[in-house]
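What the coordinates show
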Amino acid sequence: MERPAVLMIVTQLSTLSALLLLCLAPRGLDAKPRALFVFGDSYADTGNHSPYVPILNRPWKLPYGSTWPGEGSGRYSDGKIFTDFFAEYLGFPAAPMTARMAKGKKQYDDSMHGINFAYGGSGMFSTFGPLIDPVHLQIKQFSQMIESGFLSKDLIAESMVLFVVCGNDYTAYGDKHPNDEGILDFVPSVASEIDGSLKAFQALGVKKISITKMLPYGCYPKITSKVNYISCNASENARTILHNKLITDYVTAFKELHPDIEVMMLDFQQAFELSFQGHYDTDDLLLSDNLGFQRRVQLRPCCEGIGGASCGEKDLFGRKQYTVCESPEDSFFWDNVHPSQAGWETLCKVLFGPLPY
Ligand SMILES: *[C@@H]1O[C@H](CO)[C@@H](O)[C@H](O)[C@H]1NC(C)=O
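As recorded in an unreviewed UniProt entry, the chain goes by GDSL esterase/lipase and comes from Ceratopteris richardii. Regarding the chain, the relevant UniProt record gives this comment under Sequence similarities (unreviewed entry): "Belongs to the 'GDSL' lipolytic enzyme family."

Lining the immediate surroundings of the ligand are Val 227, Asn 233, Ser 235 and Glu 236. At 2.4 Å, a side-chain N or O of Asn 233 approaches an oxygen atom of the ligand. Within the side chain of Ser 235, one N or O atom sits 3.3 Å away from an oxygen atom of the ligand. Within the complex, 37% of the 360 Å² of free accessible area of the ligand lies under protein. A breakdown of the residues in the shell around the ligand according to their chemical character gives one nonpolar, two polar and one charged.

Under the counting rule described, the total for this entry stands at 26 aromatic pairs. Relative to Trp 344, the ring of Phe 82 lies with its centre 5.6 Å away and its plane at 45°, an arrangement referred to as tilted. Pair noted here: Phe 82 is in helix H2 (residues 82-90) and Trp 344 is in helix H11 (residues 341-352), with a separation of 262 residues, a long-range link. For the pair shown, Phe 82 and Trp 344 are each scored as buried. Ring geometry for Tyr 220 versus Phe 333: centroids 6.1 Å apart, planes at 85°, classification edge-to-face. Residue Tyr 220 is located in the loop between strand S5 (208-212) and helix H8 (221-224), and its partner Phe 333 is located in the loop between strand S10 (322-324) and H11; the two are separated by 113 residues in the primary sequence. Comparing Tyr 220 with Phe 333 shows no difference in burial state: the two are buried. Each residue in the set Tyr 43, Phe 82, Phe 86, Tyr 89, Phe 268, Trp 344 and Phe 352 is aromatic and connected to the rest through ring pairs, giving one cluster. We note Lys 80 situated over the ring of Trp 68; from NZ or CZ to the ring centre the distance is 5.3 Å.

Our next topic: the nonpolar core. Residues Phe 37, Phe 82, Phe 86, Ile 115, Phe 142, Leu 151 and Phe 163 are the most contacted members of the largest nonpolar core, which totals 89 residues. No other element matches helix H7 (residues 183-203), which puts eight residues into this core. Apart from the residues within four sequence positions on either side, Phe 142 is in contact with Phe 37, Phe 39, Phe 117, Leu 151, Ile 156, Phe 201, Leu 204 and Val 206. Core analysis: the next-biggest nonpolar cluster, separate from the first, contains six residues, Tyr 64, Cys 303, Cys 311 and Trp 334 among them.

So, about the pairing of strand S7 (residues 285-288). Two strands pair when backbone bridges link them, and S7 and strand S8 (residues 294-297) are joined in this way by four bridges, in the antiparallel orientation. Bridging across to S8, Leu 285 finds its partner in Val 297. In this antiparallel pair of consecutive strands, S7 and S8, the connection spans five residues, and Asn 290 shows a positive phi of 65°.

In terms of burial, S5 is largely enclosed, as five of its five residues are buried. Judged from the four bridges that link them, strand S4 (residues 160-164) and S5 form a sheet pairing that is parallel. Bridge pairing links Met 160 to Lys 208 in S5. Bridging between S5 and strand S6 (residues 262-266) involves five bridges; their strand directions are parallel. Note that in S6 the partner of Thr 212 across the bridge is Leu 266.

About the cut-offs
Residue positions are counted from 1 within each chain, in the order its sequence is given. Only residues with pLDDT of at least 70 are given local features in this predicted model, and only at 80 or more are side-chain atom pairs given and counted; all residues enter the totals for whole chains, interfaces and linings. Water and hydrogen atoms play no part in the side-chain values, which are based on all heavy atoms of the structure. UniProt positions are given in the numbering used here, feature names are shortened, and annotations may be inferred rather than shown by experiment. Proximity is defined per residue: if any heavy atom of the residue lies within 4 Å of a molecule or strand, that residue is considered near it. Each polar contact in these results corresponds to two N or O atoms within 3.5 Å; when the atoms are within protein, one needs to be able to donate a hydrogen and the other to accept it, and residues that are neighboring in sequence are counted only if both atoms are side-chain atoms. Methods summary: accessible areas were calculated by the Shrake-Rupley approach with a probe of 1.4 Å, and residue burial reflects only the protein chains presented. Classification convention: Asp, Glu, Lys, Arg as charged; Ala, Val, Leu, Ile, Met, Phe, Trp, Tyr, Cys, Pro as nonpolar; all other residues, Gly among them, as polar. In this analysis, rings of Phe, Tyr and Trp, with Trp reduced to its six-membered ring, are considered paired at centre separations within 6.5 Å, and the interplanar angle assigns stacked below 30 degrees, edge-to-face beyond 60, and tilted for intermediate values. Runs of E in the DSSP output that reach at least two residues are strands. Runs of H or I that reach at least four are helices, and both are numbered from the N terminus. Type-normalised accessible area, obtained with a 1.4 Å probe on protein chains alone, sets the label of each residue: buried when under 20%, exposed when over 50%, and partly exposed for intermediate values. Here, a charge over a ring means that NZ of Lys or CZ of Arg falls within 6 Å of the ring centre while also lying within 35 degrees of the ring normal. Residues enter a nonpolar core if they are buried and are Ala, Val, Leu, Ile, Met, Phe, Trp, Tyr or Cys, with the set joined through side-chain atoms within 4.5 Å. In this description, contact between two residues means that some pair of their heavy atoms is separated by no more than 4.5 Å. DSSP bridges decide pairing: two strands pair if at least two such bridges lie between them.

As structure tokens, then:
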């Protein structure tokens, strides 16, 4: 086996850090919670938007869902997303029921595996319009279900919250502020809101929380498209680094204050970096799940809008305003902000080890 010495060290280092992650991170994954309650954005939403509202219903239509389940499922990817994999790792046969479906139920039962309140496009603050509930309104729905007795106190105490907030606040901020002027000063308010949500979960009787760090924002295809997807933008990554540091500090303080609550941080940033072994500033990327599996991928998304359009968009005559690649597994990203199923699968293997099936 002839391999350059430097590469060997990098490989060994990242295997080591993956092992460290395995030992440190998924403590909460040992004991299966009774249910999973999910909050946040499109990285977590498994179909809360109405299939009938224009624009918001794009994930209900092909090419979304083309890899799995073969039709649009309301998920922002070609297939399974983070919530699906996370639920599988926890030992659930399926992802929790969406709040949209749960609202039609007379009573809660364990076959629902919890409830998913996440909305694609949402953030801590209002982002892209009134049909997208920000996290505090998602938590309000949750607390109303507890108050009404739909969800019992025992159930909440035996369950886990998955809290996924990955950057819509910053995108919405950018829409209102040319050149993202002052964005780093905005990061602390987002982080402080996230801390507020942790406290809200605590007050509602939640005992286990899994919270995600952001993926490197400067690696999103909507950013890297400006350089033909050959490299991430370091200055755009600055907000990710600050955001992740601030929420880590909040989580540390929260744990000290509430030692009875288990909080697990899911480090998307580090998992992304480990997946590319730190080398994602080139157009020839080696994606590795650190379990001995490697393949070449690109930062270019599989589904690309044409001339400013989005993946899945059609014009007035029904003509596609996007192109779809042949092998979605060769792209880490599916569209301009969302990982492909293969991208999520790799991140999950780095975070949690081999898939449990
Ligand atoms: C990186 O992002 C910054 C801030 O948005 C921008 O000014 C700069 O031109 C970008 N660099 C590249 C190489 O695209």
